[in-house]
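Letter by letter, the chains look like this.
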Amino acid sequence: MVFNLKRKLFAKKKNIFYDLLYQQSEKTLEGLEALATYMDDRSPQNAKQVKKCETDADDLRLILIQELDKTFVTPLDREDIFNLSRVIDDVMDYANSTVYEMEIYEVSADGHVKEMVNILINAGREINNAIRLLEHQPKVAAVHAVKAKAYENTMEGAYRLALSHLFRGDDTVFMLKMREIYRHLSNAADRGDEAANIITSIVMKHS
């Protein structure tokens, strides 16, 4: 009986990292969808929803770090768990920074911004699916990670096109403001690409 109880407790501790990573990626996807809503309606309420997702995601990352600190044996390399959580957190941070700076700069989303946010949502969905399948179907998880990486290339093209159109204007201040918004979204995609790389590496190590 005691042996069975210890085995259950160990299994729960072992699996909690998959669960926390999935919860964090799910919350980040929710945050990206909230960001898309904000781009259509820059209301204070929609801005607060993005911030709430960012705060909730931070809490999940803190819990994960605390679990790492007190767990001797982890199901994946400790560094991989930490780094995957970190880059997912960065995606949500960039989403929140985008809202923050749009409020400060008093600018609205143009077609380029909306397209870039949609690309992030698609990438975030693939990352979310990859993490959901990572424990029991790692090879399928890797397929989703590869799809997520493809969206980073799509974002790179969208970012360059946005800059190309932006710098055809003559309002220097406006151009500098919008370049920052584009840059945040591009950086979020870079972190998504890094998350996909970590997932692929995890699958290779454990397959």
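Note: the structure precedes this text.
Remember, predicted model here, so these are calculated numbers, not experimental data. (Residues numbered from 1 in each chain as written. Predicted model: local features only at pLDDT ≥ 70, side-chain atom pairs only at ≥ 80, totals over all residues. Heavy atoms only, no water.)

Draft legend 1. The overall build of the chain, seen in detail. Helix and strand counts for the chain stand at six helices and zero strands. Ordered by position from N to C terminus, the α and β elements of the chain give α-α-α-α-α-α. By its C-alpha atoms, the chain is 75 × 35 × 25 Å across when sized along the principal axes. Residues counted as buried form 48% of the 207 residues belonging to the chain. When the accessible surface of the chain is split by element, carbon and sulfur atoms take 54% of a total near 10,900 Å². Side chains of the chain give 28 positive and 33 negative charges; the mean places of these two sets differ by 7 Å. (Helix = DSSP H or I, 4+ residues; strand = E, 2+ residues; numbered from the N terminus. Buried < 20%, exposed > 50% of the residue type's maximum accessible area, 1.4 Å probe, protein only. Areas by Shrake-Rupley, 256 points an atom, 1.4 Å probe, with all protein chains shown as cover. Lys, Arg positive; Asp, Glu negative; His and termini not counted. Charge placed at Lys NZ, Arg CZ, Asp CG, Glu CD.)

Draft legend 2. Spotlight on the side chain of Asn128. Tracing the backbone shows Asn128 in helix α4 (residues 111–133). Within the structure, Asn128 has its side chain in polar contact with the side chain of Ser25 (distance 2.8 Å). Not counting residues within four places of it along the chain, the set of residues in contact with Asn128 comprises Tyr22, Ser25, Glu26 and Leu29. (Polar contact = N/O pair within 3.5 Å; in protein donor to acceptor, adjacent residues only side chain to side chain. Contact = heavy atoms within 4.5 Å.)

Draft legend 3. Here's a closer look at the nonpolar core. Ranked by size, the top nonpolar core spans 38 residues in total, and within it Leu35, Met39, Val113, Val117 and Tyr182 carry the most contacts. Setting aside anything within four residues of it in sequence, one finds Tyr182 in contact with Asp110, His112, Val113, Met116, Tyr159, Ala162, Leu163 and Leu166. (Core = buried A, V, L, I, M, F, W, Y, C linked by side-chain atoms within 4.5 Å.)

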